[in-house]
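Residue-level structure breakdown
Now for the letters of each chain:
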Amino acid sequence: MTHVDNSVAVLTSELVFTLCKNNAGRMVKYTGYGNSAGLFNRHGLMGLQGSRTRGTEEDSPDEDSDTEEYKESLADVDLVTAGPAVENTTLKNMSEAEKEVEANKLINLIDDMHRKRCYKTRRYRRGW
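**Structural notes on the overall build of the protein chain**
Summing up its helical and strand segments, the protein chain has 5 helices and 0 strands in all. Starting at the N terminus and walking to the C terminus, you meet the elements of the protein chain as α-α-α-α-α. Contacts in the protein chain between residues at least 24 apart in sequence constitute 51% of all its contacts with a sequence separation of at least 6.

**What to know about the packing of aromatic side chains**
A complete count under the given rule lists 2 aromatic pairs for this structure. Relative to Phe 40, the ring of Tyr 33 has its centre 6.3 Å away and its plane inclined at 45°; by these criteria the two rings are tilted. Residue Tyr 33 is classed as partly exposed on the basis of its relative accessible area of 37%. An aromatic cluster is present here, built from Phe 17, Tyr 33 and Phe 40 joined pairwise through their rings.

**Notes on helix α3 (residues 33-42)**
For an α-helix the count is 3.6 residues per turn, leaving residues at separations of three or four pointing the same way. Among the residues of α3, Ser 36, Ala 37, Leu 39 and Phe 40 are the ones counted as buried. Buried-residue contacts for α3 involve α1 (6-19) and α2 (24-31). Looking one or two places after α3, you find Gly 44, whose phi comes out positive at around 70°.

**Side note on the pattern of salt bridges**
Taken as a whole and assessed by the stated rule, the structure comprises 3 salt bridges. We note a salt bridge from Glu 96 to Lys 99, for which the minimum N-O separation is 3.5 Å. Of the two residues, Glu 96 and Lys 99 are both situated in helix α5 (residues 96-115); the distance of 3 residues between them amounts to about one turn of the helix. According to the relative accessible area criterion, Glu 96 is exposed, its value standing at 59%.

**Here's the deal with unusual backbone geometry**
Phi angles above zero are rare outside glycine, and Lys 21 is one such case at about 60°. Inspection of the secondary structure assignment puts Lys 21 in the loop between α1 and α2. Despite not being glycine, Asn 22 has its phi angle at roughly 55°, a positive value. The topology assignment puts Asn 22 in the loop between α1 and α2.

Cut-offs applied
Residues numbered from 1 in each chain as written. Predicted model: local features only at pLDDT ≥ 70, side-chain atom pairs only at ≥ 80, totals over all residues. Heavy atoms only, no water. Helix = DSSP H or I, 4+ residues; strand = E, 2+ residues; numbered from the N terminus. Contact = heavy atoms within 4.5 Å. Phe/Tyr/Trp six-rings, centres within 6.5 Å; stacked < 30°, edge-to-face > 60°. Buried < 20%, exposed > 50% of the residue type's maximum accessible area, 1.4 Å probe, protein only. Salt bridge = Lys/Arg side-chain N within 4 Å of Asp/Glu carboxyl O.

Keep in mind that these numbers describe shape and distance, not what the molecule does.
Below, the structure written as structure tokens:
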């Protein structure tokens, strides 16, 4: 979750995760992966295989919470943002040469950012 005050964002994401019965799959379904990523990272849940990530067997059973309306609109939902899916047709209308020109522009922009030290990469040592 996002908010100017980090403590509000943390508490909100914890509340929503609890309302989702501590089920990562359900959290992503209702909020989108982008909004859930911070919580998953804080709890060390990034990259886990199962959707059940926290909680106990004593939790209430996971009944199917999908409504008919949700199932019908699932194709129109962007799973990263949990907002409406927007189809980007820009690349479909470009020739291969135009795509290559755009890729080179992107490479040059990233190179400029690196040279100007707009960001700093981090190197990890083994065993961390």
